[in-house]
Amino acid sequence: MRKNFKNVGFYPQPVLVIGTYDETGVPDAMNVGWGGLVGGAYVELNISKGHKTTENIRLKGAFTMSFADQAHLVEADYVGLVSGYEVPDKIARAGLHPVKSEFVDAPLFEELPLTLECRVVELTDGPGGLRIVGQVVNMSADESILGPDGLVDADKARFLSFDRVRRVYRLLGGVVGQAYHDGEQLMK
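This text gives an overview of the structure that appears in the document. (Residues numbered from 1 in each chain as written. Predicted model: local features only at pLDDT ≥ 70, side-chain atom pairs only at ≥ 80, totals over all residues. Heavy atoms only, no water.)

1. A look at the pattern of salt bridges
Spelled out, the test is: The rule for a salt bridge is simple: a side-chain nitrogen of Lys or Arg has to be within 4 Å of a carboxyl oxygen of Asp or Glu. A run of DSSP states H or I qualifies as a helix once it reaches four residues; a run of E qualifies as a strand once it reaches two. Both are numbered from the N-terminal end. Relative accessibility decides the category of a residue: with a 1.4 Å probe and only protein chains considered, values under 20% of the type maximum give buried, values over 50% give exposed, and everything between is partly exposed.
Evaluated as defined, the whole model comprises 11 salt bridges. Arginine 58 is paired through a salt bridge with aspartate 125; the nearest N and O atoms lie 3.3 Å apart. Of this pair, arginine 58 sits in helix 1 (residues 52–60) while aspartate 125 is found in strand 9 (residues 114–126), placing the two residues 67 residues apart along the sequence. Residue class for aspartate 125 comes out partly exposed when judged on its relative accessible area of 49%. Between aspartate 105 and lysine 100 there is a salt bridge; the shortest N-O distance is 3.3 Å.

2. Here's the deal with the sheet that holds strand 12 (residues 168–171)
Strands pair in a sheet through their backbones, by hydrogen bonds, and they do so in one of two ways: parallel or antiparallel. As a reminder, the rule being used: One requirement defines pairing of two strands: DSSP has to find at least two bridges between them.
Ordered in space as 1-11-12, the three strands form an open sheet in which the pairing is antiparallel. The two strands at the open ends of the sheet, each matched to only one other strand, are strand 1 (13–14) and strand 12. The pairing of strand 11 (residues 160–163) with strand 12 spans four bridges and is classified as antiparallel. Within strand 12, the position partnered with aspartate 163 by the bridge is valine 168.

3. Thoughts on the environment of leucine 37
The test is simple: Contact criterion: two residues are considered in contact whenever any of their non-hydrogen atoms come within 4.5 Å of each other.
You can see leucine 37 is positioned in strand 4 (residues 35–37). It is 21 Å that separates the C-alpha atoms of leucine 37 and glycine 174, two residues lying 137 residues apart in sequence. Among residues more than four places away in sequence, those in contact with leucine 37 are Tyr42 and Val43.

4. So, the nonpolar core
To keep things clear, this is the line we draw: Buried residues of nine kinds, namely Ala, Val, Leu, Ile, Met, Phe, Trp, Tyr and Cys, make up a nonpolar core once their side-chain atoms join them within 4.5 Å.
Core analysis: the biggest nonpolar cluster contains 20 residues, and Ile18, Leu45, Ile47, Ile57, Phe63, Met65 and Ile132 have the highest contact counts within it. Per-element tally for this core: the top contributor is strand 9, with four residues. Non-local contacts of isoleucine 18, meaning those with residues more than four positions away in its chain, are made with Asp28, Ala29, Met30, Val32, Leu45, Thr53, Ile57, Phe63, Thr64 and Met65. If you look at the next biggest cluster of nonpolar residues, it comprises 13 residues, including Ala29, Leu96, Phe109 and Phe162.

5. Notes on the packing of aromatic side chains
Under the convention used in this document: Only rings of Phe, Tyr and Trp enter the pairing, Trp through its six-membered ring, and a pair is recorded when the two centres are within 6.5 Å. The plane angle decides the type: under 30 degrees is stacked, over 60 is edge-to-face, the rest tilted.
The full count for this structure, using the stated rule, is two aromatic pairs. With a centroid separation of 6.0 Å and 50° between ring planes, the pair formed by phenylalanine 162 and tyrosine 169 is classed as tilted.

6. Considerations on helix 1
The complete set of buried residues in helix 1 reads Lys52, Thr53, Thr54, Asn56 and Ile57. Turning to helix 1, the residues buried within the fold contact strand 2 (16–21), strand 3 (27–32), strand 5 (42–47), strand 6 (62–67), strand 9 and strand 10 (129–141). One or two residues past the end of helix 1 sits glycine 61, with phi positive at roughly 70°.

What follows is the structure in structure tokens.
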């Protein structure tokens, strides 16, 4: 037996912190609930038009997308609760330390261990607000979340996921299978 739900959205959802600069170079961050991968080198966000982040993305044509981790849950949640219009020093209040990206006109945050640096390639007004497609021009990871093979280790990173149904944050982690391999047993 299955149960139907309305308006739940994508599940699970990564907890994404979007970094931007305003016209004077002041950094801003926003916890975004609607975002994800759109092919190998592109990401998509849907943000309502009234946010400081939306204005900054239109202005600069760039943003960073950081993946929140368990160690920075409070900071990531906070930047989604307050507006950059109403709390202009929200980055400092959150205890985040912005660093200018080498690749796009947007800030990275030292505390957030994995960041995609993106150049805007498409802005479209739509039913979910502003649809933003960004080309990922660089991915940077703190060495603390790298495995012995030099790649990102999700277990070390302790990335957060947003559970829309219960409105809680959960941890991602634990290898349970080998992609592009385990299904081969059904091909014999």
